[in-house]
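Spelled out, the chains give:
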Amino acid sequence: MPHDHSGDAHPHSLLPSDPALRVKALETVLVRRGLVDPAALDAIIDTYENKIGPKNGADVVARAWSDPGFRADLLADATATVSALGYYGRQGEHIVAVENTPETHNMVVCTLCSCYPWPLLGIPPAWYKSDAYRARAVREPRKVLADFGVALPPDTAVRVWDSTAEVRYLVIPMRPEGTDGLSREELAALVSRDSMIGTALAGAAA
Amino acid sequence: MTRVHDMGGRFGDGPVIPDPEGEVFHDDWHGRALALTLAAGALGQWNLDISRHARERLGPDYNRFSYYEKWIAATADLLVENGVLDASELTGDATDAPHPLAARKLAAEAVSSALSRGGPVDRDAGPAPIFQPGQAVLVRRPADSQLVEGGHTRLPAYAAGARGKVLRCHGNHILPDAHAHGLGEAPEPVYAVAFPASELWAHPEHPRDEVVIDLWQSYLTAA
């Protein structure tokens with residue numbers, strides 16, 4: 001069992017102090033020993049920069065807004081429903097969708113690390129991983145929403161989901177008024193990353 | 001209390017600074033650190049819970065390091081602790097000798113399938129659920145690991161001793177408290193439990209606000 005290392009130096013302290021050099025040094029060692037393929041690293045970065053991101057989640061939300069059957073399936077079993085669209089994988093093996101209503105606004109945090117639905121939203125933004133968000137979202141969600149310029153009606157309750165297990169939560173924001181005639185693609189364009197975490201409203205400029 | 005990473009409810013952290021939609025990696029080395037961590041994990045020498053615990057054990061470095069510095073530091077520690085690399089190799093004394101684990105290297109053409117396969121943690125094994133939706137439950141107190149002193153747990157300290165209501169059962173999942181320490185998967189039911197904000201905080205913002213926490217059955221007793 002690994003030791004706690006309290007009192008003695010961690011192995012990582014042997015690496016260069018500059019973070020970029022530290023990453024480079026570790027990559028160099030692992031490549032020399034045949035343990036890492038640099039092209040695999042490029043492929044992982046390309047996946048999350050160009051292939052998997054919030055457009056996946058926005059597609060799911062737009063479908064939920066425009067298709068009552070899909071919405072019902074999503075709320076009943078989100079993992080199966082989004083998997084059928086090809087949205088499944090690492091950090092998204094168990095998905096639950098929670099729907100905003102005039103009565104309840106949902107917001108997601110991971111106070112212990114940075115759990116986030118990667119197949120639907122990609123890599124979490126820096127603010128989501130910040131100490132300030134992790135510390136405050138559970139205790140004062142309305143003040144955190146104010147940091148994002150969001151004010152809720154006084155009779156709307158806030159339900160904050162702390163992702164402590166491997167369940168990943170997707171917020172379905174409320175469909176904005178006046179969007180009746182829009183296509184699914186036009187609706188998806190109204191759905192920002194932050195609106196699916198619960199720190200923005202759909203249709204509002206991000 | 002548990003460790004430095006367990007910061008839910010803490011005071012004094014200042015404002016949240018939103019960052020623009022569309023930015024995935026602020027610096028090139030951030031993406032490299034993430035990719036290197038995933039590729040090292042693919043060697044199969046540790047699991048997700050062990051890697052989370054490695055970050056939590058960074059101690060004072062946890063507070064000092066930025067997000068991806070935590071990742072890369074924990075990856076380096078795990079590589080040495082698990083005997084994949086010798087500590088001397090981190091100082092530049094690397095050899096080009098073929099590594100026994102080289103056959104497990106994640107190939108570029110396998111990345112897409114590895115990422116889309118994921119690693120589900122639900123299991124058929126383990127005890128049946130003893131709590132039903134709507135039932136009142138009490139969270140164990142103190143919150144630190146029952147299995148290993150100072151060990152990994154997913155029970156946040158701010159919930160210790162609180163009374164909540166089961167919203168739903170997610171089925172049986174691997175217990176991180178065991179899995180992070182080589183004690184097997186020990187799956188048990190996980191519940192989404194809703195707590196009134198007034199149960200958790202002296203100054204709740206709104207009388208109807210709630211916090212929902214995913215909690216394992218062994219973290220809970222009937223209220």
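Residues numbered from 1 in each chain as written. Chains lettered and ligands numbered in written order. Predicted model: local features only at pLDDT ≥ 70, side-chain atom pairs only at ≥ 80, totals over all residues. Heavy atoms only, no water.

As annotated in an unreviewed UniProt entry, chain B carries the name nitrile hydratase and is attributed to Arenibacterium halophilum. According to its UniProt record, chain B has this under Function (unreviewed entry): "NHase catalyzes the hydration of various nitrile compounds to the corresponding amides." According to the UniProt record, the Sequence similarities (unreviewed entry) comment for chain B is "Belongs to the nitrile hydratase subunit beta family." (UniProt positions renumbered as here; feature names shortened; annotations may be inferred.)

The name an unreviewed UniProt entry assigns to chain A is nitrile hydratase, from the organism Arenibacterium halophilum. Check the Sequence similarities (unreviewed entry) section of the UniProt entry for chain A; it says "Belongs to the nitrile hydratase subunit alpha family." Word for word, the UniProt comment on chain A under Catalytic activity (unreviewed entry) is "an aliphatic primary amide = an aliphatic nitrile + H2O".

### With respect to the overall build of chain A
Across its full length, chain A holds nine helices and four strands. When the helices and strands of chain A are listed from N to C terminus, the series reads α-α-α-α-α-β-β-α-α-α-β-β-α. The principal-axis extent of the C-alpha atoms belonging to chain A is close to 60 × 35 × 30 Å. Classification of the 206 residues of chain A by burial places 60% in the buried group. The long-range share in chain A, meaning contacts at least 24 apart out of those at least 6 apart in sequence, stands at 68%. Within the structure as shown, chain A displays about 7600 Å² of accessible surface, and the carbon and sulfur contribution to it stands at 55%. Of the charged side chains in chain A, 20 are positive and 26 negative, and the gap between their average positions amounts to 4 Å. (Helix = DSSP H or I, 4+ residues; strand = E, 2+ residues; numbered from the N terminus. Buried < 20%, exposed > 50% of the residue type's maximum accessible area, 1.4 Å probe, protein only. Contact = heavy atoms within 4.5 Å. Areas by Shrake-Rupley, 256 points an atom, 1.4 Å probe, with all protein chains shown as cover. Lys, Arg positive; Asp, Glu negative; His and termini not counted. Charge placed at Lys NZ, Arg CZ, Asp CG, Glu CD.)

### Let's talk about the domain arrangement of chain A
On domain assignment, one finds that chain A holds domain 1 (18-49) and domain 2 (54-196). The gap between the C-alpha centroids of domain 1 of chain A and domain 2 of chain A is 31 Å. (Domains from an automatic or database assignment.)

### Points about the UniProt feature "domain: Nitrile hydratase alpha/Thiocyanate hydrolase gamma" (unreviewed entry) in chain A
On the UniProt side, "domain: Nitrile hydratase alpha/Thiocyanate hydrolase gamma" (unreviewed entry) is annotated at positions that read residues 18-200 of chain A here. Annotation note: span residues 18-200 of chain A, helix share 43%, strand share 13%, distance between end C-alpha atoms 35 Å.

### Points about the nonpolar core
Judged by nonpolar contacts, the single largest core of 124 residues is most densely connected at Y133 of chain A together with L34 of chain B. Residue contributions to this core peak at nine residues, all from helix α4 (residues 67-81) of chain B. Formed by five residues, the second largest nonpolar core is a distinct cluster that contains M7, L58, F65 and A73 of chain B. (Core = buried A, V, L, I, M, F, W, Y, C linked by side-chain atoms within 4.5 Å.)

### Some details on α4 of chain B
All names here are of chain B. The end-to-end C-alpha distance of α4 is 21 Å, a good match for the 21 Å that 15 residues give at a rise of 1.5 Å each. Within α4, 14 of the 15 residues are buried, which leaves it mostly tucked inside the rest of the structure. Once α4 ends, the next one or two residues include G83, with phi positive near 75°. (Expected span 1.5 Å × (residues − 1).)

### Focus on the UniProt feature "domain: Nitrile hydratase beta subunit" (unreviewed entry) in chain B
Listed under "domain: Nitrile hydratase beta subunit" (unreviewed entry) in the UniProt record, and renumbered for this structure, are residues 121-221 of chain B. Secondary structure across residues 121-221 of chain B comprises 8% helix and 33% strand; the distance between its end C-alpha atoms is 23 Å.

### Some points on the sheet that holds strand β1 (residues 136-139) of chain B
A sheet is described by the order of its strands in space; here seven strands give the open sequence β2(A)-β3(A)-β4(B)-β3(B)-β2(B)-β1(B)-β5(B), paired in mixed fashion. Of all strands in the sheet, those with a lone pairing partner are β2 (104-109) of chain A together with β5 (220-222) of chain B, marking the two edges. Averaged over all neighbouring strand pairs, the angle between strand axes comes to 35°, with direction disregarded. (Pairing = 2+ DSSP bridges. Axes fitted to C-alpha atoms, helices over the stretch in contact; angles between N-to-C directions.)

### Here's the deal with the interface of chain B and chain A
The partner chain A presents 90 residues to the 101 residues of chain B that form the contact. Here chain B and chain A share an interface that buries about 8700 Å² over both sides, 59% of which is from carbon and sulfur atoms. For the salt bridge of R159 of chain A with E210 of chain B, the shortest nitrogen-to-oxygen distance reads 2.7 Å. At 12 residues, the largest contribution of residues to the side of chain B that touches chain A is made by α4 of chain B. Looking at the side of chain B that touches chain A, its residues break down into 56 nonpolar, 18 polar and 27 charged. (Buried area = accessible area lost by both parts, 1.4 Å probe. Salt bridge = Lys/Arg side-chain N within 4 Å of Asp/Glu carboxyl O. Nonpolar A, V, L, I, M, F, W, Y, C, P; charged D, E, K, R; others polar.)

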